[in-house]
Amino acid sequence: MVGKHLFRPLVNKGIIAVDLTYLYRTEEIVLFLSDLHILVPEYGSKEVLKLGNIPIPVPQYKQLLVQVHAAALNPIDSKRRLGPIFPTDFPAVPGCDMAGVVIGQGIDVTQVDIGNEVFGNIQDFNSIEKLKQVGTLAQFIVVEERLVARKPESLSFEEAASLPLAVQTAVEGFRTVNFMKGQTIFVVGGAGGVGTLVIQLAKYVYGASYVVATTSTPKVKFVKQLGADKVVDYTKIKYEDIEEKFDFLYDTIGDCKKYVVVAKDNAAIVDITWPPSHPRAVYSSLTVSRKSLEKLIPYLKSRELKPMIDPTGPYPFDNVIEAFQYVETGRARGKVVVSCFPLQDPHSNILSGVNTTIGVNGF
Ligand SMILES: NC(=O)c1ccc[n+]([C@@H]2O[C@H](COP(=O)([O-])OP(=O)(O)OC[C@H]3O[C@@H](n4cnc5c(N)ncnc54)[C@H](OP(=O)(O)O)[C@@H]3O)[C@@H](O)[C@H]2O)c1
């Protein structure tokens, strides 16, 4: 009976299949009609974040309805909340990265089945005008099937959620400069979400012959363990004192005006921050796609490429303000991950954090 109630509106809205076993069962009508999200009601600091209900999105042509099990934060989520860098309709829901379970489909979905575990960056930065207002800090999201890949069983939801945006960015830098096996690389900012992946990709995927990365003293050992042949502690070593010269300078911090001294005369220089911090640097931006994730799955399965989750997390969903606060320190070690909203008792949850305590429907 309950199943019929749920299924009919789905069919009416164009969803051709849904697996009700993934829907919360005791308050399912309420949950079906409303989805708990972290909402951004206006531009502002992390304190504007609120917990609220908005309708569960309906998957359209070639889209999936996914129950989010874990999400990851990226600096872009904060930048987008702080000011109008992209078109935004309020209330918006932050979040690009997620891993979860497909529970419904729009029409003409061919690559993914209901029940599949998937991960991806749901925000297609290749076409800014199509950026979604409902991001991944939510119980349910819709996403184009072309943006998600099947989650390898060997990865937890949290590990898988930590990857998409950062790894799509990291890969693109190598493509931008047509990096060749055997070349040497100097990574500025080796401990961050992107930097931790750049080091591993250089060493274990792209065949760099020598990998050096910068970080501060407490993270030197961590960056070495990622595969860096040498770590430059930027609090102790002056960039002018580095004598080696490199084929590729990969800047994840926007600091390459300092480090350009370590680049060979004909070296490629990539900066992923905007605007690039040196006239020689080329800006590189991510390409969002399923294929970019699928190509890395063999390396993820073999653990040559390891997701790096910051040890302060995964943050429970109701501590998302603390998670943002931490990301915004600029000191994260790998990725800041948020676990899914606990479905067992969603209405008992309160969003806690700095200066904010708003309950469900508090928006
Ligand atoms: N172009 C694109 O498509 C694209 C995509 C993703 C991200 N981005 C941008 O790229 C930047 C990095 O992103 P992310 O996700 O990697 O950020 P993140 O995870 O927040 O980076 C934090 C890391 O930066 C390190 N760091 C800070 N200042 C440093 C310095 N002077 N030298 C060396 N390391 C330093 C910190 O290590 P220490 O504590 O040791 O200093 C920390 O581990 C952000 O500005 C982001 O917006 C661009």
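Criteria and cut-off values
- Residues numbered from 1 in each chain as written.
- Predicted model: local features only at pLDDT ≥ 70, side-chain atom pairs only at ≥ 80, totals over all residues.
- UniProt positions renumbered as here; feature names shortened; annotations may be inferred.
- Helix = DSSP H or I, 4+ residues; strand = E, 2+ residues; numbered from the N terminus.
- Buried ≥ 20, exposed ≤ 12 C-beta atoms within 10 Å, placed from the backbone.
- Contact = placed C-beta atoms within 7 Å.
- Near = placed C-beta within 6 Å.
- Domains from an automatic or database assignment.
- Arc of directions from axis to C-beta.
- Pairing = 2+ DSSP bridges.
- Core = buried A, V, L, I, M, F, W, Y, C linked by C-beta atoms within 7 Å.

An unreviewed UniProt entry annotates the chain as Enoyl reductase (ER) domain-containing protein originating from Clitoria ternatea. Its UniProt record gives the chain a comment under Sequence similarities (unreviewed entry), which states: "Belongs to the zinc-containing alcohol dehydrogenase family. Quinone oxidoreductase subfamily."

Chemist: Mind laying out the overall build of the chain, listing which residues take part and the relevant values?
Modeler: Within the chain, the regular secondary structure consists of 11 helices and 17 strands. The proportion of buried residues among the 363 residues of the chain is 50%. Counting contacts in the chain only where the partners sit at least 6 residues apart, residues at least 24 apart contribute 69% of the total.

Chemist: How would you sum up unusual backbone geometry? Please name residues and give values.
Modeler: Cis geometry is adopted by the peptide bond preceding Pro 275, which originates at Trp 274 and carries an omega value of -5°. Mapped onto the elements, Pro 275 comes out in the loop between strand 13 (263-271) and strand 14 (282-283). A cis amide bond links Gly 313 with the next residue in sequence, Pro 314, at an omega value of -5°. Relative to the assigned elements, Pro 314 resides in the loop between helix 10 (297-301) and helix 11 (320-327).

Chemist: Before we move on, can you summarise the site of the ligand with the specific residues and values?
Modeler: Every one of the 29 residues lining the ligand counts as a neighbour, but Ala 191, Gly 192, Gly 193, Val 194 and Ser 216 are closest to it. Contributing elements (two or more residues each) for the shell around the ligand: helix 3 (75-82), helix 5 (164-176), helix 6 (193-205) and strand 10 (210-215). Among the elements that line the shell around the ligand, the one with the most residues is helix 6, at 3 residues. Composition of the shell around the ligand by domain shows at least three residues from each of domain 1 (2-162 + 309-359) and domain 2 (166-283).

Chemist: Residue-level account of helix 11, with values.
Modeler: Along helix 11, the residues that are buried comprise Val 320, Ile 321, Ala 323, Phe 324 and Val 327. One face of helix 11 carries all of its buried residues, which in axial projection span an arc of 155°.

Chemist: Requested: an account of the environment of Val 327, with residues and values cited.
Modeler: Its location among the elements puts Val 327 in helix 11. Expressed as a C-alpha distance, the spacing of Val 327 and Ser 78, which sit 249 residues apart in the sequence, is 8.4 Å. Those residues in contact with Val 327 that sit more than four places away from it in its chain are Leu 73, Pro 75, Ser 78, Ala 332 and Val 336.

Chemist: Can you lay out the sheet that holds strand 12 (residues 246-251) for me, pointing to particular residues and giving the numbers?
Modeler: The strand order 11-10-9-12-13-14 describes an open sheet built from 6 strands, whose pairing is parallel. The open sheet has two edge strands with one neighbour each: strand 11 (230-233) and strand 14. Relative to strand 11, strand 10 runs parallel, the two sharing 4 bridges. Looking across to strand 11, one finds that Thr 214 is bridged to Val 232.

Chemist: Any chance you could break down the pairing of strand 9 (residues 184-188) for me, citing the residues and the numbers?
Modeler: Most of strand 9 sits inside the fold, with 5 of its 5 residues counted as buried. Side-chain alternation along strand 9 places Thr 184, Phe 186 and Val 188 on one buried face and Ile 185 and Val 187 on a second face that is also buried. Of the pairings in the sheet, the one linking strand 9 to strand 10 comprises 4 bridges and is parallel in character. Within strand 10, the residue paired with Thr 184 across the bridge is Tyr 210.

Chemist: Residue-level account of the nonpolar core, with values.
Modeler: Judged by nonpolar contacts, the single largest core of 105 residues is most densely connected at Val 66, Met 98, Ile 141, Ala 161, Leu 249, Val 320 and Val 338. The element contributing the most residues to this core is strand 4 (residues 63-73), with 8 residues. If you count residues domain by domain, this core takes at least three from each of domain 1 (2-162 + 309-359) and domain 2 (166-283). Leave out the neighbours within four places in its chain, and Val 338 touches Ala 70, Ala 71, Leu 73, Leu 137, Pro 314, Tyr 315, Phe 317, Val 320 and Ala 323.

Chemist: Describe in detail the pairing of strand 7 (residues 140-144), supporting the description with residues and values.
Modeler: Across the 5 residues that make up strand 7, a large majority, 5, are buried. Direction of pairing for strand 4 relative to strand 7: antiparallel, over a ladder of 5 bridges. In the sheet register, Leu 64 faces strand 7, and the bridge partner there is Val 143.

Chemist: Report on the environment of Asp 271, specifying residues and quantitative values.
Modeler: Checked against the element boundaries, Asp 271 lands in strand 13. A C-alpha to C-alpha distance of 6.0 Å links Asp 271 and Val 282, two positions 11 residues apart in sequence. Setting aside anything within four residues of it in sequence, one finds Asp 271 in contact with Asp 251, Gly 254, Cys 256, Pro 276, Ser 277, Ala 281 and Tyr 283.

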